[in-house]
Amino acid sequence: MKDFKKHILKVLLLFTTFCFSQDYFFNDDFNDNSKKWYVGNTNNFDLKVFNGRYYYEYKNTEKNLLIFSPKFKINTSDNFEMESSIQKISGVQDYGYGMFIQKENKDRLELTITSNGYYQINQKKNGSFTTIHKWTKSEDIKKGNYAVNTLKIKKNGTIISFYVNNKLLISKSISEVYGNSAGYIINRNQKISIDYLRIKKATKNSYNNNITSVNTSLNETFSSNSNKWTISNNEFVTYDINSGKYYLEHKKEKGGYSSTINNVIDETKDFEFETKIDKISGVTNYSYGIMWGKKSDSSFRFYITSNGYYKFVRNVKGKEEKIINWKTTSFINKKNGASNIIKIKKQNNRYLFYINGNYINESDFEPFYGNHIGFILFNKQKIAIDYLKVKQNKNSNNNNNSIVAKQMSVPVSDNFTNNNNGWILNSTDNYSAEINNGKFVLDRKIKGGIFFKNEIDLNTQKDFILETSFTKQTGASNLTYGLTFGRKNSANEYSFFLSNTGQYLYRKYENNKYSAIIPWTQADVIKTNLYQENVIKIVKSNQLLRFYINNVYVNEFPFEGFFGNKIGFTVYDKQKIAVNYFRVKYQTTNHNNPPIIVISEPNVEEKRGFKIVKAKKITVRGHASDSDGIYEILINGVEANVSENGNFVANVPLKYGKNELIVSATDLKQATATKKFTIKRKSNTNFDTNSEVITNNANQNIDLGFGKYYALIIGVSDYEDESIDDLEGKPLRDAEKLRQVLTQQYNFNSQNVIVLKNPKDNEINRELFKLRKKITTKDNLLLFYAGHGVFQDEIGSWLPSNAIMEYEENLFSNSSLVDHFKAIKSKHTLLISDACFSGSIFKTRDVTKTPKSIQRKFELPSKKAITSGTLKTVPNESVFFKYLIKRLENNPNKYLSARKLFDMIEDPVINNSENKPQYGTIHGIGDEGGDFIFIKK
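Since we're looking at a predicted model, the values are computed, not measured.

When helices and strands are tallied, the protein shows 7 helices and 66 strands. A buried classification covers 54% of the 937 residues belonging to the protein. Per element, the accessible surface of the protein, about 42200 Å² overall, is 45% carbon and sulfur.

Another aspect to go through is the side chain of Asp 107. For Asp 107, the location among the structural elements is in the loop between strand 7 (96–102) and strand 8 (108–114). The class for Asp 107 is buried, based on a relative accessible area of 9%. Here Asp 107 is in contact with Ile 101, Gln 102, Lys 124, Lys 125, Asn 126 and Gly 127, once residues within four sequence places are set aside.

Once that is clear, we can look at the packing of aromatic side chains. For the structure on display, the rule yields 65 aromatic pairs. Ring centres of Tyr 494 and Phe 563 lie 5.1 Å apart, and the angle between their planes is 15°; on these two criteria the pair is classed as stacked. Residue Tyr 494 is located in strand 39 (residues 492–499), and its partner Phe 563 is located in the loop between strand 44 (552–558) and strand 45 (566–572); the two are separated by 69 residues in the primary sequence. Looking at Tyr 494, the relative accessible area reads 2%, which means it is buried. Site record: aromatic cluster; members linked through ring pairs are Phe 271, Phe 273, Trp 292, Phe 300, Phe 302, Tyr 310, Phe 312, Tyr 351, Phe 353, Phe 365, Phe 368 and Tyr 369. When the ring centre of Phe 26 is taken as reference, the NZ or CZ atom of Lys 35 above it lies at 5.8 Å. Here Lys 152 stacks its cationic end above the ring of Tyr 163, 4.8 Å away from the centre of that ring.

A word on the packing of helix 3 (residues 761–774) against helix 4 (residues 814–823). At a minimum axis separation of 9 Å, helix 3 and helix 4 run at an interaxial angle of 15°. By the angle between their axes, helix 3 is roughly parallel relative to helix 4. Every pair of crossing elements has a handedness; the one defined by helix 3 and helix 4 is right-handed. Taking contact as the criterion, the partners of Asn 765, Leu 768, Phe 769 and Arg 772 in helix 3 are, on helix 4, Leu 817, His 820 and Ala 823. Partitioning the contact of helix 3 with helix 4 into residue classes produces 4 nonpolar, 2 polar and 1 charged.

Between side chains of opposite charge, a pair can form as their charged atoms come close. The full count for this structure, using the stated rule, is 30 salt bridges. A salt bridge links Glu 272 to Lys 343; the shortest N-O distance between them is 4.0 Å. Taken together, the residues span a long stretch of sequence, with Glu 272 in strand 21 (residues 271–282) and Lys 343 in strand 26 (residues 339–347) at a distance of 71 residues. The same class applies to Glu 272 and to Lys 343, which are both buried. The residue Asp 364 makes a salt bridge to Arg 487 at a minimum N-O spacing of 2.6 Å. With Asp 364 in strand 28 (residues 358–364) and Arg 487 in strand 38 (residues 480–489), this pair connects stretches of sequence that are 123 residues apart. Taking relative accessible area as the criterion, Asp 364 reaches 7% and is therefore assigned buried. Taken together, the salt bridges that share partners define one network made up of Arg 350, Glu 362, Asp 364, Arg 487, Glu 493 and Arg 507.

Across the sheet, 6 strands lie side by side as 5-14-7-8-9-10; this open sheet has antiparallel pairing. Edge positions in the sheet fall to strand 5 (64–68) and strand 10 (128–137), since each has one partner strand and no second. Looking at each pair of strands side by side, their axes are set apart by 20° on average, direction ignored. Bridge count between strand 7 and strand 14 (residues 181–187): 6 bridges; the pairing is antiparallel. Among the inter-strand pairings, Met 99 is bridged to a residue of strand 14, identified as Tyr 184.

Within the largest apolar cluster, 80 residues are counted, with the highest numbers of intra-cluster contacts made by Trp 292 and Phe 302. Core analysis: the next-biggest nonpolar cluster, separate from the first, contains 43 residues, Phe 440, Phe 452, Leu 458 and Val 571 among them.

Bringing unusual backbone geometry into the picture now. That bond from Val 410 to Pro 411 is cis: its omega, 5°, falls within 30 degrees of zero. Of note, the bond from Glu 601 into Pro 602 is cis; its omega dihedral lies within 30 degrees of zero at 0°. Turning to its location among the elements, Pro 602 is positioned in the loop between strand 47 (596–601) and strand 48 (610–613). Although it is not a glycine, Lys 36 sits at a positive phi angle of roughly 65°. Position of Lys 36 among the secondary structure elements: in the loop between strand 1 (24–28) and strand 2 (40–41). Look at Asp 573: it is not a glycine, yet its phi comes out positive at around 60°. Here Asp 573 falls in the partly exposed class, since its relative accessible area comes to 25%.

On to the pairing of strand 39. Counting buried positions along strand 39 yields 8 of 8 residues, so the element is predominantly enclosed. Alternating residues of strand 39 divide into Asn 492, Tyr 494, Phe 496 and Leu 498 and Glu 493, Ser 495, Phe 497 and Ser 499, and every residue in both groups is buried. Across 7 bridges, the pairing between strand 38 and strand 39 is antiparallel. Pairing of Leu 483 across the sheet is with Phe 496, part of strand 39.

Okay, the pairing of strand 28 next. Of all 7 residues making up strand 28, 7 are buried, and the element is well covered by its neighbours. As paired elements, strand 27 (residues 350–355) and strand 28 share 6 bridges and run antiparallel to each other. Of the residues in strand 28, the one forming a bridge with Arg 350 is Asp 364.

In this fold, Thr 238 is placed in strand 18 (residues 237–242). By relative accessible area, which is 18% here, Thr 238 ends up buried. A distance of 2.9 Å separates a polar atom in the side chain of Thr 238 from a polar atom in the side chain of Lys 251. Ignoring sequence-local partners within four residues, the contact set of Thr 238 consists of Ser 232, Asn 233, Tyr 247, Leu 248, Glu 249 and Lys 251.

A rise of 1.5 Å per residue sets the reference length of helix 7 (residues 898–912), with its 15 residues, at 21 Å; its end C-alpha atoms lie 21 Å apart and thus fit the reference within 8%. Roughly 30° is the biggest bend found in helix 7, and it falls at Ile 905, with proline Pro 908 one to four residues downstream. Among the residues of helix 7, Ala 898, Arg 899, Leu 901, Phe 902, Ile 905, Glu 906, Asp 907, Pro 908, Val 909 and Ile 910 are the ones counted as buried.

Overall, mixed pairing links the 6 strands, which are arranged 57-56-58-62-63-65 in an open sheet. With one partner strand each, in any of the chains shown, strand 57 (753–757) and strand 65 (918–921) form the two edges of the open sheet. The average undirected angle you get between the axes of adjacent strands in this sheet is 10°. Across the sheet, helix 2 (residues 730–745) touches strand 56 (709–715), strand 57 and strand 58 (780–786), and the angle it forms with strand 56 is around 165°.

All right, on to the environment of Thr 474 then. Checked against the element boundaries, Thr 474 lands in strand 37 (residues 464–474). Placed 57 residues apart in sequence, Thr 474 and Tyr 531 show a C-alpha to C-alpha distance of 8.5 Å. Once residues lying within four places of it in the same chain are set aside, the contact partners of Thr 474 are Leu 530, Gln 575 and Lys 576. At 3.1 Å, the side chain of Thr 474 forms a polar contact with the backbone nitrogen of Lys 576.

A few words on the packing of helix 6 (residues 879–889) against helix 7. Helix 7 packs onto helix 6 with a crossing angle of 145° between their chain directions and a minimal axis gap of 9 Å. For the element pair helix 6 and helix 7, the recorded crossing hand is right-handed. Within the contact between the two elements, helix 6 uses Val 879, Phe 880, Tyr 883, Leu 884, Arg 887 and Leu 888 and helix 7 uses Leu 901, Met 904, Ile 905, Pro 908, Val 909 and Asn 912. A per-class count over the contact of helix 6 with helix 7 returns 10 nonpolar, 1 polar and 1 charged.

Here we come to the confidence of the model for the protein. For the protein, the mean per-residue pLDDT works out to 83, and 85% of the residues sit at or above 70. Predicted confidence for residues 398–405 stays below pLDDT 50, and this span has 17 contacts to residues more than four positions away or in other chains. With pLDDT under 50 throughout, residues 843–853 is counted as low confidence; its partners more than four residues away or in other chains account for 24 contacts.

How each quantity is defined
- Just so you know, the residues in each chain are numbered from 1, in the order the chain's sequence is written.
- Since the coordinates come from a predicted model, pLDDT governs what is reported: local features require at least 70, and pairs of side-chain atoms require 80 or more to be given and counted, while whole-chain, interface and lining totals use all residues.
- Derived side-chain values reflect all non-hydrogen atoms in the structure, with water molecules and hydrogen atoms excluded from consideration.
- For the purposes of this entry, the term helix denotes a DSSP run of H or I that reaches at least four residues, the term strand denotes a run of E that reaches at least two, and both are numbered from the N terminus.
- The cut-offs for exposure are 20% and 50% of the maximum accessible area for each residue type, with area from a 1.4 Å probe on protein chains only; residues under the lower value are buried, those over the upper are exposed, and the others partly exposed.
- Residue exposure ignores everything except the shown protein chains as possible cover, and the areas themselves are Shrake-Rupley values with a 1.4 Å probe.
- The contact criterion used is simple: two residues touch if any of their non-hydrogen atoms lie within 4.5 Å.
- Working definition: rings of Phe, Tyr and Trp (its six-membered ring) pair if their centres are within 6.5 Å, and the pair is stacked with planes under 30 degrees apart, edge-to-face with planes over 60 apart, and tilted otherwise.
- Look at NZ for Lys and CZ for Arg. If either is within 6 Å of the ring centre and within 35 degrees of the ring normal, a charge sits over the ring.
- Axis definition: a line fitted to C-alpha atoms, limited for helices to the stretch in contact. Angles are taken between N-to-C directions and run from 0 to 180 degrees.
- Any angle that is under 35 degrees is reported as roughly parallel, and any over 145 degrees as roughly antiparallel; angles of 65 to 115 degrees are reported as roughly perpendicular and all others as oblique.
- Put simply, a crossing is left-handed when the front helix is turned counterclockwise from the back one by less than a right angle, and right-handed when it is turned clockwise.
- In this count, Pro and Cys sit with the nonpolar residues alongside Ala, Val, Leu, Ile, Met, Phe, Trp and Tyr, while Asp, Glu, Lys and Arg are called charged and the others, Gly among them, polar.
- We define a salt bridge as a side-chain nitrogen of Lys or Arg found within 4 Å of a carboxyl oxygen belonging to Asp or Glu.
- Two strands qualify as a pair provided that DSSP identifies no fewer than 2 bridges between them.
- For our purposes a nonpolar core is just a set of buried Ala, Val, Leu, Ile, Met, Phe, Trp, Tyr and Cys residues, chained together by side-chain atoms within 4.5 Å.
- Nitrogen and oxygen atoms within 3.5 Å of one another constitute a polar contact, given that in protein one can donate a hydrogen and the other can accept it, and given that sequence-neighbouring residues count only through two side-chain atoms.
- Given the number of residues in a helix, its expected span is that number minus one, multiplied by 1.5 Å.
- Note on bend: the value at a residue is the angle between axes fitted to the seven residues ending there and to the seven starting there.
- In predicted models, pLDDT denotes the confidence assigned by the predictor to each residue on a 0 to 100 scale.

And the structure:
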């Protein structure tokens, strides 16, 4: 029996090895040296295969060494992936090492890295050696001796992608990259070891840079003007064709001019257009580019600047809508005199964008407005177009490799056992979408969001139900995913999102502007662990949208008309989500909608669900309606008085402090709706019944047991960018006032308080870095910021004085601030931010209860923040700072916690402004429940 089992195991092993090896051109794990790598020991090198690794020591201090693999067969048309795991053992940190693939004629492609975090790509072709990507720093490279890095070179058509540790470094367009040998390169006096080398077949994906079956509908080389481009010379512009180029000169300081011709493209099929543009003169940050799908004053436009930025927009009746906002790329050749090749492809209902043969980004394809194509430039500059080529796929997109979304008809019931509804399936370096085992699996591999779309013929005049189920498979808990619907394009849509921190959000995006209709709200019904299912249901009933999570009603909002008919799933930032099913149907007569509740008293709508009173009781009035009749109305579990027409009233007792009131209405079929709001009962005296002073002698110091108080105070009032409103010096005055109060009334020595007035982003970074070196685990840090803030693409940022909003340049993001806080080893850190959208620091907040004594607050480390608002704008004249500084100046107590300070300013700020200040924990940087304590001198 034992011999039989051994025989079966051998057969299985041979079968597995045979099946596994069929996809590999070359595969060596160095368990032995059966592949016959070069081994030996000389004065210059020591090479050996030992214990499952190939050790490679180079002793020469001047030259490089290449070691070649045994030869293997690979077809020139094959896509492949070459991968190897390399450990740096010893040697100078900035010397390079890496791998290459080489052809018979010794043409080769090299990827090298250094153990201090840089990479470079070189190519040898026809005997000429060139650097096609110079040394560039990457945070994904593991540094130092004994670090292990996995390198990969991936060929996909003519696009070659280079990876380290499965993170994309760069993609380049390189023709004829293949070979029949591979190997390793090592630069001077260092030692490495190799764990494996694998070269396998790879399938094509959407980054294939060729349209194979094409019809060239336009090949404009400007040898003549047979296509009747505009020729003009006046005080505004000069357009001229000369020496095989089309010259466009914009003579005015402001404004834009364009030139287009009619060229019919069948947009139902794949296509591409490519142009080469020379920047001749003009300011480097002025934009120019290609426009298409134009009719009248509507078009699509792709711009670049000669200082390295690009943008993709739609222009609708003369108004610009950003699709991809300004982003920087190293692939743009910079400065005047440089040439750039722009290629734009439609493939699988996506736009793919390339600059100088390098893939840079992608976006949803959108139908054209018209058939005109051409060029556009802004402000005083001159360009020349070398050529414009338009290629059209001859074949329909409906083939085995490309599935085009089709409009779904209601009712929809998709369990993802097949792809009859035509979801776009794809696999790229940035994302993948596949139907697998009855699930629609969506994997977002990089930062940023992506929408997996379809179209639906939904009559929104009727009542309807949208329902879907998600299972999160990978990713951090604070990442966002959900259902997007009523979408017209990337600037107009509605989304209902979840995060595995237990929160949900209902958001509208209209004309490139986000608004949180229902802001991030905690819901206990959300399951927060990986591989737990969360069901979202959105029900339109009359003119309400009601939201359910895991079949529990959580909220509602008046229904607004949809922008368009696109629907699907949105996934943000390096996570994998499985959609278990997707259903859409119209309501039937037997569908049981819960009652509609309207609160008439107290008026909490204008106060964002919050009201402050001094009374012991509060009267709650309202109306509940339901076609089945009202069964009962409860307010905090106590039955209200209800009339036959649904009017209700109740007197609710209040405790001191915050009271959450829950109005619950149930119909005869036991469907229940709820409305929640908060009433804060204010004390009639300033006496603190929960006193934080634990000694009868108010002047007696508590033995704190830890060190110094540091403060970094930042005020930004004046901006270099003229598009940013200056704040008339108010943040600078606030910063100086806070410095005076801290140093004169509290335990902040003046030498430990730094004030930055109108700093640039690098100056903020520099001061925070200095604090890393000074502050110990016994010390305390207060960071204050007053100035402009923004919240774009789910990212909150401060605006230093050198911020450039058009390109989102020099912003100081929340993530940068959090990284600094992680590195500063203070015992207590308090951030006070008086800026628009300052509450975005709490995107994953955990608001904690305050300990009862000062000593307990001191014992536990804390990382807290007080902000002037949530995700809203705040006024230039800061009500928040007015009460903050007033409470600090007039504080009668020796010890004042950050939580207590917040409680003292919350009510007056709410009562005297349109903003609601926030207090909470900065997530993920070491808070253990303590608090920052201000100590009076």
